[in-house]
Amino acid sequence: MDKFEKLTGIAAPMPLVNIDTDMIIPKNFLKTIKRSGLGVNLFDEMRYDREGNEIADFVLNKPQYRETEILVAGDNFGCGSSREHAPWAIKDFGIRCVIAPSFADIFYNNCFKNGILPIALPQEQVDVLMRDAEKGSNARMEIDLEAQTITSSDGDVFTFEVDEFKKHCLLNGLDDIGLTMENVDTITTFENDVLTDRPWI
């Protein structure tokens, strides 16, 4: 998993509330178990018409937001089913951070496991960042995970809370497998001791 330390990028405004995981990645794309290749279908039913053509006025189809790395969204982002394909699709598109007033719990935790930083802020602060994101590609936000700050293109600085363990994992690029591998020496010693003490196993 890629480390997340500091991100400076284009932010896209999506002021919809209750964006659920089926809107993020529709159920017909859940057949794969690969984490790659889903970005093209992110927000599929909002991005494309029935013939598969891009809908020009959808935010991620606009030229200024095609390289978006930060998404500023409405309340209760990631609600609905617990599909992990939702953060897979977001990450594969290139988005590394989602800012919203609140998140569904399972989606929120899945983000950290997939290298995405979800940031919950009070509505009035999200409103400021939403207006900043509406400026397009000339407005770049900076997310500093170590300092736990967001800096808008106008220089407004907001602090955010994040669990220390989740922060440690993102800063060091550790998913569940990576966390296990941090203890590989201890695990190997334990297994060797078991073989010595109980060779019949």
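What you see is a predicted model, and the numbers here were worked out from it, not measured in a lab.

So, on to the environment of Lys 166. Along the polypeptide, Lys 166 turns up in helix H6 (residues 164–172). As a C-alpha pair, Lys 166 and Ala 100 span 66 residues in sequence and 18 Å in three-dimensional space.

Counting residues in each nonpolar core, the largest one holds 30 residues, and the members touching the most others are Ile 24, Leu 42, Phe 43, Phe 77, Ile 90 and Phe 107. Looking at this core, the elements with two or more residues in it are strand E1 (6–14), strand E2 (70–73), helix H3 (85–93), strand E3 (97–100) and helix H4 (105–113). Of all the elements, H3 adds the most residues to this core, at five residues. The contact partners of Phe 107, leaving out residues within four places of it in the chain, are Thr 21, Ile 24, Phe 77, Gly 78, Ala 86, Pro 87 and Ile 90. If you look at the next biggest cluster of nonpolar residues, it comprises 24 residues, including Phe 4, Leu 121, Ile 150 and Phe 160.

Packed helix pairs are specified by the crossing angle of their axes together with the interaxial distance, meaning the distance between the axes. Running from N to C, H3 and H4 point in directions that differ by 50 degrees, and their axes come no closer than 9 Å. As summarised for this structure, H3 and H4 are arranged oblique, according to the angle between their axes. Considering only the axes of H3 and H4, their crossing is right-handed. Two secondary-structure elements touch here, H3 through Ala 86, Pro 87 and Ile 90 and H4 through Phe 107, Asn 110 and Cys 111. Classifying every residue of the contact of H3 with H4 gives five nonpolar, one polar and no charged.

Each value, and the rule that gives it
- Residues numbered from 1 in each chain as written.
- Predicted model: local features only at pLDDT ≥ 70, side-chain atom pairs only at ≥ 80, totals over all residues.
- Heavy atoms only, no water.
- Helix = DSSP H or I, 4+ residues; strand = E, 2+ residues; numbered from the N terminus.
- Core = buried A, V, L, I, M, F, W, Y, C linked by side-chain atoms within 4.5 Å.
- Buried < 20%, exposed > 50% of the residue type's maximum accessible area, 1.4 Å probe, protein only.
- Contact = heavy atoms within 4.5 Å.
- Axes fitted to C-alpha atoms, helices over the stretch in contact; angles between N-to-C directions.
- Parallel < 35°, antiparallel > 145°, perpendicular 65-115°, else oblique.
- Left-handed = near helix turned anticlockwise from the far one by under 90°.
- Nonpolar A, V, L, I, M, F, W, Y, C, P; charged D, E, K, R; others polar.

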